[in-house]
Amino acid sequence: MMQRWVSLLLGLALLGPCVSAAEPARLRVCADPNNLPFSDRERRGFENELASLLAKDTAKRLDYTWWAQRRGAIRSTLKAGLCDVVIGVPTSLDLLATTKPYYTSTYVFVSRADRGLDVRSFDDARLRSLRIGVQLVGDDYANTPPVSALSARHIVDNVRGYSVLGDYGHELPAAGILSAVTAGEIDLAVVWGPLAGYYARKSAVALQLAPTPAVDGEIPLRFAIGMGVRRDDVARLAQLNAFITRRQPDIDALLARYGVPRP
Amino acid sequence: MSAGDYAGTRFSPLDQIRRDNVKRLALAWRFDTELGRGHESAPIIVDGTLYVTTPFPNRVHAFDLSRPGSPPKWSYEARGEERARGVACCDVVNRGAAVSGGKVFFNTLDNHTIALDAGSGRELWNVKLGEVNRGESMTMAPLVIKDLVLVGNSGGEFGVRGWLSALSVQDGSLRWRAYSTGPDADALIGPWFKPFYAQDRGGDLGMKSWPPDKWKQGGGTVWGFISYDAQLDLLYYGTGNPGPWNPEQRVGDNKWTAGIFARKPDSGQAAWFYQWSPHDLYDYDGVNENVLFDAQQGGRRRHLLVHPDRNGYMYVLDRETGEVLSAEPFAHITTSYGVDLKSGRPRMNPAKEPHVGRLVQDACPAAPGAKDWQPSAFSPKTGLLYVPHNNLCQDAEAQEANYIAGTPYVGATTKFIPGPGKAAGEFCAWNPLTAKKIWKIAEKYPVWSGALATAGGVVFYGTMDGYFKAVDAQSGEMLWKARTDSGIIGQPVSFQGPDGKQYVAVTSGVGGWAGLVVVNKLDVGDPTAGSGFTVAMKELPQATRAGGSLLVYALEDGP
């Protein structure tokens, strides 16, 4: 009995340092399992690819915690210590510390190319009669900037809403607003760039994408995106900033492959 | 049923516990749910068994009151979709079950209505009524009327279209569904519909009071309590706020949101409707309880209902016709100047209208209202309504960028602050016939628990900082209080045990919208976290902690 204990202890002693030496440091990322083109569980999103690039660059093993990006997601994941990095957040978000931006995108006007609409301004007189789709968030006064821009001009009756969360049971949950454009149910949609760019690349119907103005009154329509870490995670923030500086050309190429509009 | 009776009074005719002996009230037994989220449910006692539901993952526990120590009899877990956690807006609460005809009926966060055998806990039927993937959820307590179980949905913040559904108690099959927006056919509005006020008359107002198509995502969810008058054969319930559009994008009254419907239970057909908050600007859901009572007025007996609304007014309506007889403030109001009894409409204050890019300070009541879901109690002995409620104002500005599902948007920054007097909560007694507040007790935090009135002249409520309190029904004098491990946001009830003794039961377990600061460990340095609640609640995490329990009290040494 005694001997078994001794050998067991010895075995553990040998095993202990062995395991930690063989095990690479981990890059713990929180991501949505169903939110293309950003991320999904099959790692087909550009944020997945960027996480892989980051892991490779820093010689770490990539671990995911999958969590739907709903209200409370950052609190329940990053802030609860389930992961250390969220790959894509607006750098204006004050819930957490963010790196310098690695891209800036914009809302875009999306229409079928065969319509030849070429809308580029919220003051375009045609916006009063075209059927326009917008992305809805949900809380009053908390809607997407295009909703505010259209409301400010009293463009109401011809505006249709599509949930920014969409139907989570679908492969591209938020794409309903874009399939409505290709199907001709609406003439024009005002959509966050990365989603529109990705969809347009895959669409059988040619779509025209044109950036909105950068701001409308006090409301911004362009957002700089960086990586997010916990506010007190200063060392990691510096490492991530160094990575972005070093690999920006690779990141640019990645975003171009996904058709992310970058004004 | 959660409210004790169809009238929704939460009045217990038991009188062993009185003003003069309530000090001897002590914990008789307890059960810990081992769940850390908000416990808003009411224990229900039928035939010597106590039933209680829990928050997600939506368990039901049954206890045998006839045996010493009231041991657990059975328990059931709904095993819902984990994903539902992220979809529910304001904590993952459940407001209780309905027990009738040997069956226990309850709703799950992921949109199932389930019937269990009351004796064994065996599942009898289980129907799915909504889709978590589209933002729908269910939190309300069902009500059984005749052979129907009535249930409603939650999720107005996500563009869900509200409804009340009637299911067969036998197999859960859908008998009828009444939507809160859309054409009359969808809202079950037909030839029997006789609203009292002119603005509610006309065809398809559930469509016409919106810009084209916006009613399709119009909100008006049904997540409060339902009451029922068997004599008139009318059921009453409130509808949630309109959404998810900015108000500028939903010009019009946005019917039938933020109001009350009276309906025939058999067909679901509407008898009348009244709108507390036409074109709601402040998230004033109209779902608060409608407590039925009768009174002699002008030489005849009138059938009335009393409703404390989120918008700050205490309404008394004729429940036969939907006429508003009085509407007086029971809390500090700056968003409106009063209710015009002739038209039935509130007179809104344009200076407090929120607009994108404009800071609106001191808008009262704040979004959770002068009173949120927490149900009041009515004592026929005192004729008073006992109202647990909030004293909150808000500063709102639409500015900050935020992030959901890959999309930056310009989100609203809202901050709730205590109203005049600096206490964020109040428990008051209100005379509905004179429309006067009789007494009030200031509480540091919103009183987020239900109230219980008893024939012993004692009224019970709980506080978020963890006290269960008994006060004198006449004077409001504090008679007794007990410390609880976690804050109370549940619904107290009283029952007579098989041993003949009177008991009082309540769940503790802080949470809910107001309690997110504790259960989610929100950053109290961020004034806008928890949808604005952290300023008013910043000291709560020091005062209490998360964790659910069922607490049952009785008099030491008997009555």
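Residues numbered from 1 in each chain as written. Chains lettered and ligands numbered in written order. Predicted model: local features only at pLDDT ≥ 70, side-chain atom pairs only at ≥ 80, totals over all residues. Heavy atoms only, no water.

**Some points on unusual backbone geometry**
All names here are of chain B. Here the residue pair G243 and P244 is connected by a cis peptide bond, since its omega of -10° sits within 30 degrees of zero. Considering the arrangement of structural elements, one finds P244 in the loop between β16 (234–238) and β17 (259–263). For the bond running from K255 to W256, omega is 5°, close enough to zero to count as cis. If you trace the backbone, W256 turns up in the loop between β16 and β17. The phi dihedral of H279 is positive, around 50°, even though this residue is not glycine. Mapped onto the secondary structure, H279 falls in the loop between β18 (270–275) and β19 (291–297). The backbone of A435 sits at a positive phi, close to 55°, despite the residue not being glycine. With respect to the helices, strands and loops of the structure, A435 is situated in the loop between β30 (425–431) and β31 (436–443). (Helix = DSSP H or I, 4+ residues; strand = E, 2+ residues; numbered from the N terminus.)

**Describing the packing of helix α2 (residues 46–57) of chain A against helix α7 (residues 234–257) of chain A**
Two quantities define a packed helix pair, namely the angle between the axes and the distance from one axis to the other. Residue and element names in this part refer to chain A. At their nearest, the axes of α2 and α7 sit 10 Å apart, and the two run at 140° to each other. Classified by the angle between their axes, α2 and α7 sit oblique to one another. The two elements α2 and α7 meet at a crossing, and its hand is right-handed. For the pair α2 and α7, contact is made by F46, E49, L50, L53, L54 and D57 and by L240, F243, R246, R247, D250, I251, L254, L255 and R257, respectively. Residue composition of the contact of α2 with α7, grouped by class: nine nonpolar, no polar and six charged. (Axes fitted to C-alpha atoms, helices over the stretch in contact; angles between N-to-C directions. Parallel < 35°, antiparallel > 145°, perpendicular 65-115°, else oblique. Left-handed = near helix turned anticlockwise from the far one by under 90°. Contact = heavy atoms within 4.5 Å. Nonpolar A, V, L, I, M, F, W, Y, C, P; charged D, E, K, R; others polar.)

**Side note on the sheet that holds strand β27 (residues 384–390) of chain B**
All names here are of chain B. In spatial order, the strands read β26-β27-β30-β31; together these four strands make up an open sheet with antiparallel pairing. The open sheet terminates on both sides in strands that have one partner only, identified here as β26 (377–379) and β31. Ignoring which end each strand starts from, the neighbouring axes of this sheet average 20° apart. Taken together, the seven bridges between β30 and β31 define a ladder with antiparallel strand orientation. Bridge pairing in β31 places F427 opposite I441. (Pairing = 2+ DSSP bridges.)

**Remarks on the sheet that holds strand β1 (residues 11–12) of chain B**
Where strands meet in a sheet, backbone hydrogen bonds hold them as pairs that are either parallel or antiparallel. All names here are of chain B. Judged by pairing direction, the sheet is mixed, and its five strands sit side by side in the order β1-β32-β33-β34-β35 without closing on themselves. For this open sheet the edge positions go to β1 and β35 (478–483), each flanked by a neighbour on one side alone. Two strands pair when backbone bridges link them, and β1 and strand β32 (residues 451–454) are joined in this way by two bridges, in the parallel orientation. The residue bridging F11 from the neighbouring strand is A453, located in β32.

**So, the pairing of strand β14 (residues 222–229) of chain A**
Residue and element names in this part refer to chain A. The buried fraction of β14 is high, at six of eight residues. Sheet topology places strand β5 (residues 85–90) next to β14; three bridges connect them, and they run antiparallel. Looking across to β14, one finds that P90 is bridged to I225. Across two bridges, strand β6 (residues 97–98) lies against β14 in antiparallel orientation. The residue of β14 that forms the bridge with A97 is V229. (Buried < 20%, exposed > 50% of the residue type's maximum accessible area, 1.4 Å probe, protein only.)

**With respect to the packing of aromatic side chains**
Geometry of an aromatic ring pair is reported as the spacing of the ring centres plus the angle between the planes. Within the structure shown, the criterion is met by 38 aromatic pairs over all chains. Centroid distance Y197 of chain B to Y274 of chain B: 5.6 Å. Interplanar angle 50°. Geometry classified as tilted. Taken together, the residues span a long stretch of sequence, with Y197 of chain B in the loop between α2 (184–187) and α3 (205–208) and Y274 of chain B in strand β18 at a distance of 77 residues. For Y274 of chain B, a relative accessible area of 0% translates into the label buried. Judged by centre distance (5.4 Å) and plane angle (35°), the rings of F468 of chain B and Y553 of chain B are tilted. Highlighted residues: F468 of chain B in strand β34 (residues 467–472) and Y553 of chain B in strand β38 (residues 549–555), separated in sequence by 85 residues. Each member of the aromatic cluster is reached from another via a ring pair, and the members are F38, F46, Y102, Y103, Y198 and Y258 of chain A. Residue placement shows R161 of chain B over the ring face of Y179 of chain B; its charged tip is 3.9 Å from the ring centre. (Phe/Tyr/Trp six-rings, centres within 6.5 Å; stacked < 30°, edge-to-face > 60°. Lys NZ or Arg CZ within 6 Å of the ring centre and 35° of its normal.)

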